[in-house]
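Letter by letter, the chains look like this.
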Amino acid sequence: MSLVPLIPESAPFTAEQRAWLNGFLAGALNRGTARTGLIEGVAAKIPLTIAFGSQSGNAESLAKRLAKEAASRGFAACVAGLDSLQAADLIKHPNLLLITSTWGEGEMPDNAVSFWEQLNQNGSSPVLDGVRYGVLALGDHNYGDTFCLAGKMIDERLAALGAKRLIDRVDCDVDFDEPASAWAAMAWKVFGEGLDKQVAAEPVSKAVEEVDVGWSKKKPFPAALVANVALNAEGSAKDTRHLAFSLEGSGLSYEPGDALGVFARNGPLMVDGIIAAHRLNASAVVPLPDGGEATLREALLGYYECRKFHGVIPDGPTDLTSWVSSLRKLQPRLYSIASSLKAHPNEVHLCVAAVRYEVGGVAHEGVASTFMADRLPIGETTGIFFQVAKHFRLPASEAVPVIMVGPGTGIAPFRAFLEEREATHASGKNWLFYGDQRAETDFLYREQIQGWKESGLLTELDLAFSRDQAEKVYVQHRMIEKGAMLWAWLEEGAHFYVCGDASRMAKDVDAALHEVVQVHGGKSGDEAVAYVAALKKAKRYARDVY
Ligand SMILES: Cc1cc2nc3c(=O)[nH]c(=O)nc-3n(C[C@H](O)[C@H](O)[C@H](O)COP(=O)(O)OP(=O)(O)OC[C@H]3O[C@@H](n4cnc5c(N)ncnc54)[C@H](O)[C@@H]3O)c2cc1C
Ligand SMILES: NC(=O)c1ccc[n+]([C@@H]2O[C@H](COP(=O)([O-])OP(=O)(O)OC[C@H]3O[C@@H](n4cnc5c(N)ncnc54)[C@H](OP(=O)(O)O)[C@@H]3O)[C@@H](O)[C@H]2O)c1
Ligand SMILES: Cc1cc2nc3c(=O)[nH]c(=O)nc-3n(C[C@H](O)[C@H](O)[C@H](O)COP(=O)(O)O)c2cc1C
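Residues numbered from 1 in each chain as written. Chains lettered and ligands numbered in written order. Predicted model: local features only at pLDDT ≥ 70, side-chain atom pairs only at ≥ 80, totals over all residues. Heavy atoms only, no water.

S.K.: Explain the pattern of salt bridges to me, using residue names and the numbers behind them.
M.R.: A complete count under the given rule lists 28 salt bridges for this structure. The residue D239 makes a salt bridge to R241 at a minimum N-O spacing of 2.7 Å. Relative accessible area serves as the criterion here: at 21%, D239 is assigned to the partly exposed category. Given the relative accessible area of 14%, R241 is considered buried. Salt bridges linked by common partners bring D239, R241, R356, E365, D374 and R375 together as one network. (Salt bridge = Lys/Arg side-chain N within 4 Å of Asp/Glu carboxyl O. Buried < 20%, exposed > 50% of the residue type's maximum accessible area, 1.4 Å probe, protein only.)

This is the structure in structure tokens:
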């Protein structure tokens, strides 16, 4: 059998790209990293690298799913985390699909940070002529100006470095399945032009498996639940829990500001309800998302997101295997850590609102929050991992004042911050804006917070219980009332933190901050915007909102 490492003239490449690919394939064949050239009578494949920048797994799962689809369509597809790619080596990836989320506040996900830096190295940025690419950006509209920013920046930078954008970027909101599928369909069409006519190349790089450094998202630590305490008093409309997991024997540690990833199982009542309503065979054997098989009931309990079928009674699927394969893999949920290791060695604490609501008379429950609140007995374990949040850290200097705005479960990281400042005897001033519905029933961690005010750890404490009076009173109203002092703290160099609801509270608090700067700093609207932007740039305004 003769191998001819030659890209046919008909292939959709420029002469330059063809020359590069021919050279690359010849080299790869010599090195033994590619084993195909143009083989007479054998259908040829187009190499396609699907790279992902991902923090909590969405872009990663999508990249892996699309790589499978690409392979089934005849591409020689490989998938790679951006941390396993060197920007200078991108030239070896003539067809690149790049999927990235945005994290923090318009930042790269952790595994894309180094790649992004390499793309921006003064004087030594790679030249990417010959690379054809498309970018899919994952994000969330609630983040406003930073919506899909990481994807937008990478897309522009690749073009500026000479790569050829073959398909337009698509920016996806939280429901990314549909736009992602449309983007992929375009990619198959455009990148696949000439499929079966070209030289086949084996994947030029394989996904580099994460180095096994102990427990991780891929290898979660089985942590035992050691406390589950209701934080709301009887009569409350809410069910918020203080949960503690043991880290005994894990060797794991975390910093205040980090989040905990929790793997959960769907509720048996819901799963059995779906099986009954759709007349499914609970013991049929079906594929699992990462390989292997299980009964349908076990697959739905532990491996797939299926809440959208709860309370819905359409016709049952005709092909169980393809229906199950179309479901999203059950994702771990993130929770802001509510403890300091210095105060609670070998433990990690959470403050979790159990999600329960009704639609059309049907009761619904959030998967992970009710798993921890209701279905995980004390002493039983579940998989956990730590999600580092470099953007949400106490100031490096313990003397710097901090202002914390965290209504509801937004209190979580501030309990961690305050425990840390208490344990380290930090001299900096601390100011907490906190609130919830009613003081009587919903003052989470009341004793600890009041104790901190009495001990002086909390220099200032401003409370906003929204439903204790006819008019709603929210944390941002307290900020405005105390505007002069807030401005003075900012001018002293205070760091300003916000945690909790992204869709309403964080936006209103941001507006209140601008108002305080404008009114008490004597600034115009534009100057206030610039002042707040400078705070962000100096990493003195950080948000952990969801
Ligand atoms: C970085 C980060 C930190 C977080 N920290 C915390 C924390 O400290 N404490 C905390 O409690 N949560 C926190 N969350 C939120 C948490 O990750 C989960 O999103 C939350 O617990 C819900 O997950 P679940 O699995 O219980 O619900 P899911 O099964 O994911 O269901 C939630 C979905 O249910 C639907 N839904 C919810 N309420 C209603 C309603 N009233 N009407 C109609 N539909 C509704 C919505 O579609 C919603 O997206 C954090 C999130 C992030 C990203
Ligand atoms: N978009 C949403 O539907 C949404 C938003 C937030 C939270 N949640 C969910 O609700 C559950 C509990 O959340 P949580 O315990 O963290 O509390 P929360 O619902 O965020 O409420 C905490 C406090 O914030 C108040 N609040 C409401 N709107 C506000 C605004 N625009 N600015 C400032 N404060 C505001 C609430 O008042 P009132 O309730 O009296 O208005 C309450 O006093 C979580 O599961 C969360 O996912 C959903
Ligand atoms: C703490 C946090 C910060 C985020 N910041 C942004 C942001 O600044 N802009 C944006 O568009 N999306 C933002 N998102 C939304 C994520 O990009 C989105 O959830 C995405 O699907 C996550 O994909 P991943 O799991 O691959 O990281 C943020 C999400 C979280 C939880």
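S.K.: Please set out the site of ligand 3 residue by residue, giving values where relevant.
M.R.: Surveying the vicinity of ligand 3 reveals 19 residues, the closest of which are S54, S56, A59, T102 and C148. In this structure, an oxygen atom belonging to ligand 3 sits 2.8 Å away from a main-chain N or O atom of Q55. C148 has a polar backbone atom sitting 2.7 Å from an oxygen atom of ligand 3. About the coverage of ligand 3: the protein hides 91% of its 640 Å² of free accessible area. Along the lines of polarity and charge, the residues of the shell around ligand 3 split into 6 nonpolar, 11 polar and 2 charged. (Near = heavy atom within 4 Å. Polar contact = N/O pair within 3.5 Å; in protein donor to acceptor, adjacent residues only side chain to side chain. Areas by Shrake-Rupley, 256 points an atom, 1.4 Å probe, with all protein chains shown as cover. Nonpolar A, V, L, I, M, F, W, Y, C, P; charged D, E, K, R; others polar.)

S.K.: Residues and numbers for the layout of surface pockets, please.
M.R.: Leftover empty space is mapped by rolling, across the atoms, a probe with the size of a water molecule. The space that makes up the second largest pocket amounts to roughly 630 Å³. The wall of the second largest pocket is formed by 23 residues, among which E105, T146, K536, Y541 and R543 lie closest to the centre. Among the elements of the structure, α15 (505-521), α16 (525-537) and β21 (541-545) are those that each provide at least two residues to the lining of the second largest pocket. Here the lining of the second largest pocket takes 5 residues from α16, the largest share from any one element. (1 Å grid on protein atoms, 1.4 Å probe; cavity = no way out; pocket = protein on both sides within 12 Å on 5 of 7 lines; lining within 4 Å. Points joined across faces, edges and corners; volume = space filled by probe spheres on them. Helix = DSSP H or I, 4+ residues; strand = E, 2+ residues; numbered from the N terminus.)

S.K.: Help me get a handle on the packing of helix α2 (residues 58-72) against helix α5 (residues 177-191), residues and values and all.
M.R.: Two quantities define a packed helix pair, namely the angle between the helix axes and the distance between the axes. Between α2 and α5, whose axes approach to 12 Å, the crossing angle comes to 35°. For the element pair α2 and α5, the recorded crossing hand is right-handed. Contacts between α2 and α5 involve L62, R65, L66, E69 and A70 on the former and, on the latter, D177, A180, W183, A184 and W188. Class assignment of the residues belonging to the contact of α2 with α5 gives a composition of 7 nonpolar, no polar and 3 charged. (Axes fitted to C-alpha atoms, helices over the stretch in contact; angles between N-to-C directions. Left-handed = near helix turned anticlockwise from the far one by under 90°. Contact = heavy atoms within 4.5 Å.)

S.K.: Explain the nonpolar core to me, using residue names and the numbers behind them.
M.R.: Residues I403, V405, M479, L490, F496, V498 and V509 are the most contacted members of the largest nonpolar core, which totals 29 residues. Setting aside residues up to four positions removed in sequence, L490 forms contacts with I403, F496, L513, V517, Y531, L535 and R540. L394, F417, F443 and W452 belong to the second-largest nonpolar core, a separate cluster that totals 27 residues. (Core = buried A, V, L, I, M, F, W, Y, C linked by side-chain atoms within 4.5 Å.)

S.K.: So what's going on with the site of ligand 2? Which residues, and what values?
M.R.: Near ligand 2 you find 18 residues, and of these T409, S466, R467, K472 and Y474 are the closest. In the model, an oxygen atom of ligand 2 is placed 2.7 Å from a nitrogen or oxygen of the T409 side chain. One of the backbone nitrogen or oxygen atoms of D436 is found 3.0 Å away from an oxygen atom of ligand 2. Here the shell around ligand 2 gathers at least three residues from each of two domains, domain 2 (215-258 + 332-366 + 373-390) and domain 4 (402-545). (Domains from an automatic or database assignment.)

S.K.: A description of the sheet that holds strand β19 (residues 460-465) should follow, citing residues and the corresponding values.
M.R.: Judged by pairing direction, the sheet is parallel, and its 5 strands sit side by side in the order β19-β18-β17-β20-β21 without closing on themselves. Either end of the sheet is taken by a strand with one partner, and the two such strands are β19 and β21. When the angles between neighbouring strand axes are averaged without regard to direction, this sheet yields 10°. Bridge count between strand β20 (residues 495-500) and β21: 5 bridges; the pairing is parallel. Bridging from a neighbouring strand, C499 pairs with D544 of β21. The strands that α15 touches are β17 (402-405), β20 and β21; relative to β20, the one it contacts most, it runs at about 155°. (Pairing = 2+ DSSP bridges.)

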